[in-house]
Amino acid sequence: MTTKAFTTTLRQLRNTLRISQLELSLRLNISQRHVSFVESGRANPSRELLLAWLRELQTPLAISNEVMLQAGYAPAYDETSLDDPSLSQANFALEQLLKAHEPTPTFVLDCHWNILRLNHGGQWLAATLMPWTVELMGRSPLNMLDLLIHPEGLSKSILNLEEVASPILALLRHEASIQTSLAPKVEAFVDLLTKKLGSKIAHKTPPPTAPILTTRYDTPHGELAFFSMFTTFGTPQNITLASLRVEHLFAANDETQRILGLAELQLAELQGES
């Protein structure tokens, strides 16, 4: 067991959720003393206890595998390519979600915010907000965070950036506390916000807002307003599926819905011509 890495990870995971050793012990039905001993390296958890521990801490499956290895156990979860035949049922479900949501933009994202798939509405929105991305599509996955922090990216078109910046930043910081590889891009987003909105934005506490966060974009077609919802696989036992989420954008007003309808007609005509 790599004790220092193991115990540090366990403490960080618990602190991220802001729960005490006592609360965790109650959830796991063990003594607080045993939690303390495990976190300090004075006791080793069984494989079964460690798996339950990680589930209580809502640990992503990929990180759970890393912790299992740190503790000297074999990884608990498999990871396969999304195109693997074993995931054909999941792929079918994803394709159905993308089609069903047309013409409203929909994106399949992994834990690194790579855009693995998008529907025609998503392609239209990306091309509308960032025409330079058209040539990049299909070469390699675009990354939503890269698009957010690019000087000519998504942030440039957001009309209410000051309103949505803090909630977005809070979400990204939370994810980076678990998925540390995101940290450099989150800090780049902070730098971008600082340039656009001033230095206080990085430390600003989000004020009370409407129940649904709406993002408004300036486009050649006029203002577009969207709110989003996420779909994930229920209780996945595969790292690839656990890392996926489908972001569905919904028109926040009638005008946005009207413009999307016109875009759908244009896309249908282009597909008919091809």
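Predicted model only: the values in this text are computed from it and were never measured.

A. Structural view of the layout of surface pockets. Space inside the largest pocket adds up to approximately 830 Å³. Gln58, Thr59, Pro60, Leu61 and Ala242 are, among the 31 residues lining the largest pocket, the residues nearest its centre. Elements with a contribution of two residues or more to the lining of the largest pocket: α4 (47-56), α5 (61-70), α10 (161-178) and α12 (239-242). Partitioned by chemical class, the residues of the lining of the largest pocket number 18 nonpolar, nine polar and four charged. Of all the secondary structure elements, the ones that give two or more residues to the lining of the second largest pocket are β2 (114-118), α7 (120-129), α8 (144-149), α10, β4 (215-219), β5 (222-231) and β6 (245-251). Of the residues that constitute the lining of the second largest pocket, the class distribution is 26 nonpolar, two polar and one charged.

B. Region of the structure containing the pattern of salt bridges. Within this structure, the stated rule accounts for ten salt bridges. Residue glutamate 56 pairs with arginine 27 through a salt bridge whose shortest N-O separation is 3.9 Å. Pair noted here: glutamate 56 is in helix α4 and arginine 27 is in helix α2 (residues 21-28), with a separation of 29 residues, a long-range link. Between glutamate 255 and arginine 258 there is a salt bridge, with the nearest N and O atoms lying 2.7 Å from each other. Here glutamate 255 and its partner arginine 258 are both found in helix α13 (residues 254-273), three residues apart, which amounts to about one turn of the helix.

C. Representation of the pairing of β5 within the structure. Bridging between β4 and β5 involves five bridges; their strand directions are antiparallel. Paired with threonine 219 across the bridge in β5 is glycine 222. Where β4 folds back on β5, the antiparallel hairpin that results is connected by two residues. Pairing of β5 with β6 involves six bridges; the strand directions are antiparallel. For methionine 229, the partnering residue across the bridge sits in β6 and is histidine 248.

What counts, and at which threshold
- Throughout, residues of each chain are indexed from 1 in the direction in which the sequence is written.
- Local features in this predicted model are restricted to residues whose pLDDT is 70 or higher, and side-chain atom pairs enter the listing and the counts only when it is 80 or higher, whereas totals over whole chains, interfaces and linings include all residues.
- Note that water and hydrogens are dropped before the side-chain values are worked out from all heavy atoms of the structure.
- Here a cavity means grid points, on a 1 Å grid over the protein atoms only, where a 1.4 Å probe fits yet cannot get out; a pocket means an open set of points with protein on both sides within 12 Å along at least five of seven lines; lining residues are those with an atom within 4 Å of a point.
- Grid points are joined across faces, edges and corners, and a volume is the space filled by probe spheres set on the points.
- Numbered from the N terminus, helices here are DSSP runs of H or I no shorter than four residues, and strands are runs of E no shorter than two.
- Residues are grouped as follows: nonpolar covers Ala, Val, Leu, Ile, Met, Phe, Trp, Tyr, Cys and Pro; charged covers Asp, Glu, Lys and Arg; every other residue, Gly included, is treated as polar.
- Whenever a carboxyl oxygen of Asp or Glu lies within 4 Å of a side-chain nitrogen of Lys or Arg, that contact is scored as a salt bridge.
- Being paired, for any two strands, means DSSP has found at least two bridges between them.

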